[in-house]
Amino acid sequence: MKTTIKEVYKHVGEEVTIGAWIANKRSSGKIAFLQLRDGSGFIQGVVVKAEVAEEVFQSAKSVTQETSVYVTGIIREDERSPFGYELGVTGLEVIHEAVDYPITPKNHGTEFLMDNRHLWLRSKKQHAIMKIRNEVIRATYEFFNENGFVKVDPPILTGSAPEGTSELFATKYFDEDAYLSQSGQLYMEAAAMALGKVFSFGPTFRAEKSKTRRHLIEFWMIEPEMAFVEFDDNLKVQEEYVSYIVQAVLRNCKLELGVLDRDVTKLEKIKAPFPRISYDDAIKFLNEKGFDDIKWGDDFGSPHETAIAESYDMPVFITHYPIGIKPFYMQPHPERDDVVLCADLIAPEGYGEIIGGSERVHDFDLLKQRLEEHNLDSDAYKWYLELRQYGSVPHSGFGLGLERTVAWISGTEHVREAIPFPRLLNRLYP
Ligand code: 4AD
Ligand code: MG
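What you see is a predicted model; the values in this text were computed from it and never measured.

### Things to note about the pairing of strand β3 (residues 42-48)
Of all seven residues that make up β3, five are buried, and the element is covered over most of its length. Two strands pair when backbone bridges link them, and strand β2 (residues 31-37) and β3 are joined in this way by seven bridges, in the antiparallel orientation. Looking across to β3, one finds that F33 is bridged to V46. Following β2, the chain reverses through four residues before pairing antiparallel with β3; G39 in that reversal takes a positive phi of roughly 95°. The pairing of β3 with strand β5 (residues 85-96) spans three bridges and is parallel. Paired with Q44 across the two strands is E86, which belongs to β5.

### Some points on the site of ligand 1
The full set close to ligand 1 counts 21 residues, and Q185, R206, L216, E223 and E353 are the nearest of them. A distance of 3.4 Å is found between a nitrogen atom of ligand 1 and a side-chain nitrogen or oxygen belonging to Y329. I355 places a main-chain nitrogen or oxygen 3.4 Å from an oxygen atom of ligand 1. In a pocket analysis with a 2 Å cut-off to the grid points, ligand 1 is assigned to the second largest pocket. For the shell around ligand 1, the secondary structure elements donating two or more residues are β11 (218-227), β15 (352-359) and β16 (395-401). For the shell around ligand 1, the leading source of residues is β15, giving four residues. Among the residues forming the shell around ligand 1, the class breakdown is seven nonpolar, six polar and eight charged.

### Side note on helix α9 (residues 279-288)
Working note: α-helix, 3.6 residues per turn, so residues spaced by three or four point in the same direction. Every buried residue of α9 is accounted for by Y279, A282, I283 and L286. All buried residues of α9 project into a common sector of 100° when viewed along the axis, lining one side. Those residues of α9 hidden inside the fold are in contact with β12 (276-278), α10 (302-309) and β13 (316-319). Residue G290 follows α9 closely and has a positive phi angle near 100°.

### Thoughts on the domain arrangement of the protein chain
Interface extent is often summarised as the accessible area lost during association of the parts. The assigned domain composition of the protein chain is domain 1 (5-96) and domain 2 (118-418). Relative placement of domain 1 and domain 2: their C-alpha centres are 45 Å apart. On the side of domain 2, five residues touch domain 1, which itself brings nine residues to the contact. Where domain 1 abuts domain 2, roughly 580 Å² becomes buried across the two surfaces, and 60% of that area is made up of carbon and sulfur atoms. On the domain 1 side of the contact with domain 2, R37, G39 and F42 bury the most area, a combined 60% of that side's loss. The tally of links between domain 1 and domain 2 comes to one salt bridge. Here R122 makes a salt bridge to E66, at a shortest N to O gap of 2.9 Å. Here the residues of the side of domain 1 that touches domain 2 sort into four nonpolar, three polar and two charged.

### Re the packing of aromatic side chains
Taken as a whole and judged by the stated rule, the model has 23 aromatic pairs. Each ring, one from Y141 and one from F199, has its centre 5.7 Å from the other, and the planes form 80°; the classification is edge-to-face. With Y141 in helix α4 (residues 124-146) and F199 in strand β10 (residues 197-205), this pair connects stretches of sequence that are 58 residues apart. Residue Y141 is classed as partly exposed on the basis of its relative accessible area, which comes to 28%. Plain terms: the ring middles of W383 and Y384 are 5.9 Å apart, the flat faces sit at 80° to each other, and that makes the pair edge-to-face. The exposure class assigned to W383 is partly exposed, which follows from its relative accessible area of 29%. Ring-pair connections join several aromatic residues into one group, and the members of that group are Y141, F143, F144, F149, F199, F201, W220, Y241, Y244 and F398. For R213, the ring lying beneath its charged end belongs to Y351, and the centroid distance is 5.2 Å. One cation-aromatic arrangement involves K326 over Y321; the distance from NZ or CZ to the ring centre is 4.3 Å.

### A word on the layout of surface pockets
There is about 1,300 Å³ of room inside the second largest pocket. Around the second largest pocket sit 49 residues that line it, and E167, R206, K326, E353 and R404 are the ones nearest its centre. Mapped by element, the contributors of at least two residues to the lining of the second largest pocket are β11, α10, β15, β16 and α13 (402-410). Top contributing element to the lining of the second largest pocket by residue count: β15, with six residues.

Thresholds applied
Residues numbered from 1 in each chain as written. Chains lettered and ligands numbered in written order. Predicted model: local features only at pLDDT ≥ 70, side-chain atom pairs only at ≥ 80, totals over all residues. Heavy atoms only, no water. Buried < 20%, exposed > 50% of the residue type's maximum accessible area, 1.4 Å probe, protein only. Helix = DSSP H or I, 4+ residues; strand = E, 2+ residues; numbered from the N terminus. Pairing = 2+ DSSP bridges. Near = heavy atom within 4 Å. Polar contact = N/O pair within 3.5 Å; in protein donor to acceptor, adjacent residues only side chain to side chain. 1 Å grid on protein atoms, 1.4 Å probe; cavity = no way out; pocket = protein on both sides within 12 Å on 5 of 7 lines; lining within 4 Å. Sits in = over half its atoms within 2 Å of the grid points. Nonpolar A, V, L, I, M, F, W, Y, C, P; charged D, E, K, R; others polar. Arc of directions from axis to C-beta. Contact = heavy atoms within 4.5 Å. Domains from an automatic or database assignment. Buried area = accessible area lost by both parts, 1.4 Å probe. Salt bridge = Lys/Arg side-chain N within 4 Å of Asp/Glu carboxyl O. Phe/Tyr/Trp six-rings, centres within 6.5 Å; stacked < 30°, edge-to-face > 60°. Lys NZ or Arg CZ within 6 Å of the ring centre and 35° of its normal. Points joined across faces, edges and corners; volume = space filled by probe spheres on them.

As structure tokens, this is what we get:
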């Protein structure tokens, strides 16, 4: 009977056939060990010369890496394997022979692996990261659906440039200028006025010339937006959400975290509530720590974020940033005109900012004034301003960067491995 590696636990003692690839192989005169993968998982196939037909053993000895096969065998429990099962091979049928597969078990440089990303995805670590990414996405839908949010899909092609054009990809929309979305937020605000609590999940684009382990040109963002929700409650949703996805990965991706040697004790601690530090205190803390390159009014660089994050074993909210370094749509503090009701969530272990969020300006006149202060054209924001003309309400939201979150949870140094086909400053291939 045909099955998949993930399902073999249902067939202990039975003979099954699995469509698989040869991930790796070891053999001697009497026995061959095939590392088999089928996408659903990895299992070792053991071929004993004395127990199989001669051609099966010869085939197992000569089969090359990444050759596709139908392998038949008996499922056995195996305590030594982290997976728990192995396959006592009885038959091996080659489907297609792979000749000179470029990625061998030896070490390759990152650029080589990135050039071969279409094949690199097959390796055990990349497979594990993609499974964790999938679990984060699955748990995201579960969390928001269970908490009364409606999924709304904002457009990717947009006519205006919400936060200035510097980081936008321009394109033509027939005769008009258009841009690829850098955030669905403004549309999600409209959706929140229609549906109350909404979230989006989709690709966003930043034409930023940044070449760091935290920056992608194309990345995926989850953007919840909530009517009648103010600053504090916005942070509560964020900490509950982030705790939920971390706990879901711990529960459902044990094997994958093991493959990646992730220190799970660090993840087990991630439970709401998360600590908060104001921007003012963060600047004081950094100056006391000897960072004399930063003063009130400056934005944090990644060494600053990392230094702050190192004081906690949880993600930390940095709240109330100066109005001058944040976008026009953030609601000013009710008692201070120099800071806004916003927070960034900084992941532990140096993974940087994973969430940016805020309460939004809901007063029409104030929003118009803020647009002018930012030299933005009110005409382009006509529809956005109208949300403040017909039953405007306090509302808040945030954006979580999927790849930075997956990089952190999986313990992967660079965001390029947290997305199947990364778009980087110097990479559009494959
Ligand atoms: O802080 P950002 O720019 O916030 C927004 O776009 C808001 N409009 C979101 C909202 O309130 N709805 O981006 C949000 C998150 C960051 O915290 C980071 O995790 C991720 O998106 N991000 C990136 N991830 C990878 N590569 C990049 N170049 C990123 N830029 C932002
Ligand atoms: Mg940000």
